[in-house]
Amino acid sequence: IRHTWNNSESGALVIFSPVVMKAGEQFEDEDYDPHGYSAMKGLFTEDTWNCNIIQELEPKSGEIVLGNRTNFSAFQGTGLASILKQNGIIRVFIGGFLTNVCIDETVREMNFLFPDISIFPLLDGCASKSLREHEHCTQIVFPMFGAKCVTCAEAWSMLRKSDTIA
């Protein structure tokens, strides 16, 4: 599905919000951080293998790569809210990891900031450390925040149909 997201047939705007931190930095303390990720050092360190976007998903011309992320949500410090407003976005498909950390925080914040945007976490485009954690978010948490989980194939079908209103 990746190679087709940004083609003219779908008109999709592809946005990356990678976690990239300078050596020795960590996320701001979080109120909810059950795994202690905000205290971990060495994760997603700038210019290391563990913060690079894999080759298969490498951003293409016209795609947006956000920077300055300050916590688990793709919104904090990145300018994502402005991009969504400026582009009149009505649907967002979210992929990435961890389902129960970054995707969860982004879904919650998007629901709060943009209650009129339809949110679609990708069932087979997100991952957690365990299937149990992934399914808890996709089956219980995300629906509480107005999100409807779909597969990548379902998302692509929705993008191809210009008359689909979620």
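Values in this document were obtained by computation on a predicted structure and should not be read as measured data. (Residues numbered from 1 in each chain as written. Predicted model: local features only at pLDDT ≥ 70, side-chain atom pairs only at ≥ 80, totals over all residues. Heavy atoms only, no water.)

### As for the side chain of Thr99
Within the element layout of this structure, Thr99 appears in helix α2 (residues 99–113). Contacts of Thr99, omitting those with residues within four sequence positions, involve Asp104, Cys126, Ala127, Ser128, His134, Cys137, Thr138 and Phe142. (Helix = DSSP H or I, 4+ residues; strand = E, 2+ residues; numbered from the N terminus. Contact = heavy atoms within 4.5 Å.)

### Overview of helix α4 (residues 152–160)
Every buried residue belonging to α4 is among Cys152, Ala155, Trp156, Met158 and Leu159, and all of these are buried. In a view along the axis of α4, the buried residues occupy a sector of 160°, so they form one face of it. Residues of α4 that are buried sit in contact with β3 (91–97) and β4 (118–127). (Buried < 20%, exposed > 50% of the residue type's maximum accessible area, 1.4 Å probe, protein only. Arc of directions from axis to C-beta.)

### A closer look at the pairing of β4
Here β3 pairs with β4 via 6 bridges, running parallel. Counted as the bridge partner of Val92 is Ile119 from β4. Handedness of the β3-α2-β4 crossover: right-handed. (Pairing = 2+ DSSP bridges. Right-handed = clockwise from strand over helix to strand, strands pointing away.)

### What to know about the nonpolar core
Ranked by internal contacts, the top residues of the largest apolar core, which has 21 residues, are Leu84, Ile94, Val107, Met110 and Phe142. Every element with two or more residues in this core is listed here: α1 (80–86), β3, α2, β4 and α3 (131–144). Look past the residues within four positions of Val107 in its chain and what remains in contact with it is Ile94, Ile119, Pro121, Phe142, Phe145 and Ala147. (Core = buried A, V, L, I, M, F, W, Y, C linked by side-chain atoms within 4.5 Å.)

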